[in-house]
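Structure at a glance
Each chain is listed here by its residues.
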Protein chains: 2
Amino acid sequence: MSEDQLTYASAGVDIEAGNEAVRRIKAMVETTRQPEQLDGLGGFAGLMALPGGLAEPVLVSCTDGVGTKILVAIAMDRHATVGIDLVAMNVNDLLCTGGRPLFVLDYVATGRLEPGKIEQIVAGVVAGCRQSNCALIGGETAELPGMYADGHYDLAATAVGVVDKASIWAPSRTQAGDVILGLASSGLHSNGYSLARKALLSPEHGAMTLDDPLPGSGGSVGEALLEPTRIYEPAFAALRALEGAAVRSAAHITGGGLIENPPRAYGEQLCAEIDLSAVEVPAVLRAIAEVGVARNELLKTFNCGVGMLLFVDPERVDEVSTACEGAGQPVARLGQVVARDSASGDAVRIRGGLGQG
Amino acid sequence: MSEDQLTYASAGVDIEAGNEAVRRIKAMVETTRQPEQLDGLGGFAGLMALPGGLAEPVLVSCTDGVGTKILVAIAMDRHATVGIDLVAMNVNDLLCTGGRPLFVLDYVATGRLEPGKIEQIVAGVVAGCRQSNCALIGGETAELPGMYADGHYDLAATAVGVVDKASIWAPSRTQAGDVILGLASSGLHSNGYSLARKALLSPEHGAMTLDDPLPGSGGSVGEALLEPTRIYEPAFAALRALEGAAVRSAAHITGGGLIENPPRAYGEQLCAEIDLSAVEVPAVLRAIAEVGVARNELLKTFNCGVGMLLFVDPERVDEVSTACEGAGQPVARLGQVVARDSASGDAVRIRGGLGQG
């Protein structure tokens, strides 16, 4: 072939870099293997048998990305944890149905494929899958010259799980009088990073750098921002093992914060009364609040220290709390479900917390 | 709230634009509804009952993007078909297992959310799901300021389907003597666009513009490049309805072209002998070849007019061809499976076609 002939490599797509990336991640991915996975039966798709023992299996599926938390990873050149965030954002949604995660598929796209960076990213995805007891069954690593700025990448993933139809944690199960338990978050998780970065880092607001120490955190601003999203599967595995409907429903506190997410877990006739006084506010959120972000903006953007809400049969609160704590998950009683006030129409009422009494 | 207080909107995230985009796509997505979908049972995940009648259901899953074909859509400001490509790249992989597509989840990420553009993109995803007889059961539209160049976006999707374990089109079913049928592609589908764009559009090679007429195509270069990927579900639905193992296995001709994909559908002791003489070469591929891309580079990058190969029981070739044609899918006999030559080790042997005899 003459030297001036066009090849895929000359067009900016490095097949060898792709193959090298695949070699690096193969052994890691193998550690997520689940007994239901099938091998050697097809080269174009992931295959997994349905777990037995389900009367009416219902498939549960979610898709999400990590958002601009990736820009923090890029600025710090630390890529080993955004994959945990990626799995967490999907699995924590999935768990709210009462379902068990089965497998995850990931999509990594970048302008120029650097095998070492891909290896770091996928190591995080693998760690997230292991925390979620699910298989990383498929994925795509795409080298897309001209689509991403130099050194930039994006991540997306899908999680699929299964639940028995009669056991779905449907919002319709939640009743007035149910107790609301909050599961502690590990920090900001993966929501609100455009606002968090602007508040902390922009010259006209916090004017911090990622290397500055973050007061009350024992680490830097960048480290606090990169703290991986907590994956609630260990606690939820214990909750799924409880008899009957001890947990009526659950709300992952994702985009939309404590304002928009709780109502996704109960009917339109109900309201969640939440008192955040007992919730420890993550240092990074205190710093954001101090820069001058209003309380309501914090509540509707961030998890404010509570990554997941459980709506619990009032007779079984101790049992549910014990199950969470037994799985190493801090839990606090935050309030109760009440009938919605028709005059105000409030779907959520929040008081206390955020260091504001 | 004072005007200088920080809000999520001031950080570049426009919640209202997001809500507007959701309103625009809701009715479209509804048209992909499948009878197994469950509603009102959970607000955090898509829920779908498993279809009945499967002895040992196995879940089949794939994830993929559209690659730099998106840059053509952006340059032409035509976004209504890349969603078809997105579904096609996933569903065509899934079909190779013998599985039936159940649902798709999509991820759309952009720097600044333009509801009208999102609506066009999702209209394509919906069209692809309808062609695939599957539900668009979930998705994420992410506004990520600072991560994408102005006007740019990326797409990823996951498709999930189901197959009965005994009916999987496993590569191990393929035998020497099996006949190879090729299903016509609609054009380049969604692979090799970095090379295609460089070959046709760069000043030092083809020096064409997207608006130039493409010889032999009846349209412009841009229109030929944007031609949606063919979705093979209609043909495969007919093939799945055949008794027994008429089709042993199938190979989607995706990234890696006719060199790397066929061997994914048979064992290491076999070789596919393929004669492309009978294959109509798409005009856009002829133009790329004329610019001076070597034959081997074409074969390992593009589908070369054949989007899918079927490996067929030699006794049942007519039956399989008739099933494809009945579904409107052009099909051609391209060769046969033979024992692999231990001296050369060739997994594929290709002659003819590409206008090169």
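Under an unreviewed UniProt entry, the name given to chain A is Phosphoribosylformylglycinamidine cyclo-ligase, and the source organism is Plesiocystis pacifica SIR-1. In the Pathway (unreviewed entry) part of its UniProt record, chain A is described as follows: "Purine metabolism; IMP biosynthesis via de novo pathway; 5-amino-1-(5-phospho-D-ribosyl)imidazole from N(2)-formyl-N(1)-(5-phospho-D-ribosyl)glycinamide: step 2/2." According to the UniProt record, the Sequence similarities (unreviewed entry) comment for chain A is "Belongs to the AIR synthase family."

As for the relation of the copies chain A and chain B
For the pair chain A and chain B, the best superposition has an RMSD of 0.0 Å and corresponds to a rotation of 180° with a translation of 0.0 Å parallel to the axis. The relationship between the two copies is best expressed as a two-fold rotation axis. Interface overlap between copies is the fraction of interface residues in one copy that are interface residues in the other; for chain A against chain B it reaches 100%, indicating a shared surface.

Remarks on the pattern of salt bridges
Enumeration according to the criterion identifies 34 salt bridges over all chains in this entry. A salt bridge links Arg240(A) to Glu233(A); the nearest nitrogen and oxygen atoms lie 2.8 Å apart. Judged by relative accessible area, which is 25%, Arg240(A) ranks as partly exposed. Linking Glu119(B) and Arg24(B) is a salt bridge whose minimum nitrogen-to-oxygen distance equals 2.8 Å. Of this pair, Glu119(B) sits in helix H4 (residues 115-131) while Arg24(B) is found in helix H1 (residues 15-30), placing the two residues 95 residues apart along the sequence. Taking relative accessible area as the criterion, Arg24(B) reaches 33% and is therefore assigned partly exposed. Here the residues in one salt-bridge network are Glu16(A), Glu20(A), Arg23(A), Arg24(A) and Glu119(A), joined through shared partners.

Description of the interface of chain A and chain B
Put simply, an interface is often sized by how much accessible area is lost when its parts join up. Counting residues at the interface gives 82 residues for chain A, matched by 83 residues for chain B. Interface area for chain A against chain B, summed over the two sides, is near 6300 Å², with a carbon-plus-sulfur share of 66%. Broken down residue by residue, the surface that chain A buries against chain B is led by Leu6(A), Phe44(A) and Met147(A), which jointly contribute 15%. Inspection of the chain A/chain B interface yields zero salt bridges. There are 18 residue pairs in polar contact (both at pLDDT 80 or more) connecting chain A and chain B. Classifying every residue of the side of chain A that touches chain B gives 47 nonpolar, 25 polar and ten charged.

Some points on the UniProt feature "domain: PurM-like C-terminal" (unreviewed entry) in chain A
UniProt records the feature "domain: PurM-like C-terminal" (unreviewed entry) at residues 175-342 of chain A, using the numbering of this structure. Helix makes up 32% of residues 175-342 of chain A and strand 23%, and the two end C-alpha atoms of the span are 17 Å apart.

Reading guide: rules and limits
- Residues numbered from 1 in each chain as written.
- Chains lettered and ligands numbered in written order.
- Predicted model: local features only at pLDDT ≥ 70, side-chain atom pairs only at ≥ 80, totals over all residues.
- Heavy atoms only, no water.
- UniProt positions renumbered as here; feature names shortened; annotations may be inferred.
- Least-squares fit on C-alpha atoms with pLDDT ≥ 70 in both.
- Contact = heavy atoms within 4.5 Å.
- Salt bridge = Lys/Arg side-chain N within 4 Å of Asp/Glu carboxyl O.
- Buried < 20%, exposed > 50% of the residue type's maximum accessible area, 1.4 Å probe, protein only.
- Helix = DSSP H or I, 4+ residues; strand = E, 2+ residues; numbered from the N terminus.
- Buried area = accessible area lost by both parts, 1.4 Å probe.
- Polar contact = N/O pair within 3.5 Å; in protein donor to acceptor, adjacent residues only side chain to side chain.
- Nonpolar A, V, L, I, M, F, W, Y, C, P; charged D, E, K, R; others polar.

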